[in-house]
Amino acid sequence: MHTDTALDRDHVTRALVTATEIAGRAPSIHNTQPWRWRIHDGVADLYADERRHLAVADPQRRLLVLSCGVALHHACVALAASGCAARVDRMAYGADPEHLGTLASVTVGGRVPVTAAVMRHMQTIRVRHTDRRPLTVAPVPAEAIAAVRAAVTSNHVGFHVLDRDAVLDLAAATDNAQRDEVDDAAARAELDAWSGSGRAPGVGVPDSVIPVRPTLTTVPSRDFGHAGTLDVTDEHDQAAVYAVLYALGDEPLDWLCGGEALSAAWLAATEHNIALLPMSAAVEEVAARRTLRLILRGVGYPLIALRLGIADQHAPAPPATPRLAYREIVEVTEGVPAASANRPSLTPSRNSGPSSRTTRDLGP
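Residues numbered from 1 in each chain as written. Predicted model: local features only at pLDDT ≥ 70, side-chain atom pairs only at ≥ 80, totals over all residues. Heavy atoms only, no water.

## Let's talk about the packing of helix α2 (residues 62–81) against helix α7 (residues 252–271)
For clarity, the cut-off: The angle between two axes is taken between their N-to-C directions and runs from 0 to 180 degrees, where each axis is a line fitted to C-alpha atoms and a helix contributes only its stretch in contact. A run of H or I in DSSP counts as a helix once it spans at least four residues, and a run of E counts as a strand once it spans at least two, with each numbered from the N terminus. For classification purposes, angles smaller than 35 degrees are called roughly parallel, those larger than 145 roughly antiparallel, those between 65 and 115 roughly perpendicular, and all remaining angles oblique. A clockwise turn of the near helix away from the far one marks a right-handed crossing, whereas an anticlockwise turn of less than a right angle marks a left-handed crossing. By definition, residues are in contact when any of their heavy atoms lie within 4.5 Å.
Across the interface, α2 lies against α7 with an axial gap of 6 Å and an inter-helix angle of 50°. Our classification of the angle between α2 and α7 gives oblique. Pair α2 / α7 crosses with right-handed handedness. Facing α2, whose interface residues are R62, V65, L66, C68, G69, V70, L72, H73, H74 and V77, α7 presents P252, W255, L256, G258, G259, E260, L262, S263, A264 and L267.

Okay, structure coming up:
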């Protein structure tokens, strides 16, 4: 889409400050928020923050990069909602996961019209949350699944819905992976450091969003090694739809695009009143990923599994998870109006501008 009017430097910087602030609302593995932004010369560079890398659960940095991809998509939504065209330059294909460097650079190119869809996405970012509770027996409408699929494939990622046998395979793989993690001393220590009372301020998964007891679902929800305080019903997941996001490659760029697709899928699901739960345990172990690869019949590499369903509309949503202060995730290295820079907390996406992408298309 062409832009109408060039923007001055202060306007661009303010837009990038706002976008990176909103990107801080993105979901991430164990709420580690493993991203870092640097705003300079009208550009926002996105990096992975190794200080918040789960070295035991995610040694190859798959979920770290995927989490950063979610934040990248959130930032592009915010720019579009402010009427700014964004160009996204992603990492060169085949980047070494141990030396990732810049994951993406976001450049503001000018003005674009603000659409109702983009404003709806912005509102959805504010209300989106993770809900680990069981689902109701109401079936997921076909049009909702179609909307989620379209959101995923528009980001060059595949979307595969699992049949009953595949769901049972996913359940077994998830259960085995989580049992291994809880039983391993190093993995358990890492899990304890990012959940419950052991987590640092502003990050991690508080007890208030961890179920008080295991859920009666076919695919087990995340086992944090201890009970939380979130009340759960005796409902099941019989009406849930399980799916796998996948890429044609298994490189850092694929993981980054997977995060963008996850963000788009989550916004689409929420806008159709569907609760989306990412199930990362299914991709944390080699054996579990191998199971998902077999489910995909070799057509792609699994990025993450999803549960989609209808939550109890009468029960209050789980509380929001904590967020890091803006100054802890963004560095602004050029002048910006004081009202916009170094905000102490976060306020509550779809790229409407031209975007370069070095990846392989999966098609519709």
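On we go from here.
## Remarks on the sheet that holds strand β8 (residues 301–309)
Which entries qualify depends on this criterion: Two strands qualify as a pair provided DSSP detects at least 2 bridges between them.
The four strands are arranged β5-β6-β8-β7 in an open sheet whose pairing can be described as antiparallel. One side of each edge strand has no neighbouring strand; the edge strands of this open sheet are β5 (158–161) and β7 (275–279). Within this sheet the neighbouring strands show an average axis-to-axis angle of 30°, counted without direction. As paired strands, β7 and β8 are joined by five bridges and run antiparallel to one another.

## Describing the sheet that holds strand β1 (residues 35–40)
Overall, mixed pairing links the five strands, which are arranged β3-β4-β2-β1-β9 in an open sheet. Two strands close off the open sheet at either side, each with one partner strand: β3 (84–90) and β9 (330–332). Strand-to-strand twist in this sheet, taken as the mean axis angle between neighbours without regard to direction, amounts to 20°. Against the sheet, helix α1 (residues 9–23) engages β1, β2 (43–48), β3, β4 (102–111) and β9, with an angle of about 175° to β1.

## Concerning the pairing of β3
The test is simple: Note on classification: 1.4 Å probe, protein chains only; a residue is buried when its accessible area is under 20% of the maximum for its type, exposed when over 50%, partly exposed between these limits.
For β3, a buried count of five out of seven residues is recorded, marking the element as mostly surrounded by other parts of the structure. Note: β3 against β4, seven bridges, orientation antiparallel. In the strand pairing of β4, D89 is matched with S105.

## Brief notes about the nonpolar core
Filter applied, for reference: In this description, a nonpolar core means a group of buried Ala, Val, Leu, Ile, Met, Phe, Trp, Tyr and Cys residues linked to one another through side-chain atoms lying within 4.5 Å.
Within the largest apolar cluster, 103 residues are counted, with the highest numbers of intra-cluster contacts made by W37, L72, L79, F159, L245 and L262. If one sorts the elements of this core by residue count, α2 sits on top with 15 residues. Apart from residues no more than four positions distant in its own chain, L72 is found in contact with W37, L46, V88, R90, A104, V106, L256 and E260. Core analysis: the second largest hydrophobic core is formed by five residues, L191, V209, I210 and F224 among them.

## Quick look at the pattern of salt bridges
Rules: By definition here, a salt bridge exists when the distance from a side-chain nitrogen of Lys or Arg to a carboxyl oxygen of Asp or Glu is within 4 Å.
What the rule picks out here adds up to 13 salt bridges. Between D250 and R62 there is a salt bridge; the shortest N-O distance is 2.4 Å. Linking D250 in the loop between β6 (241–247) and α7 with R62 in helix α2, this pair joins segments that are 188 residues apart in sequence. Relative accessible area serves as the criterion here: at 11%, R62 is assigned to the buried category.

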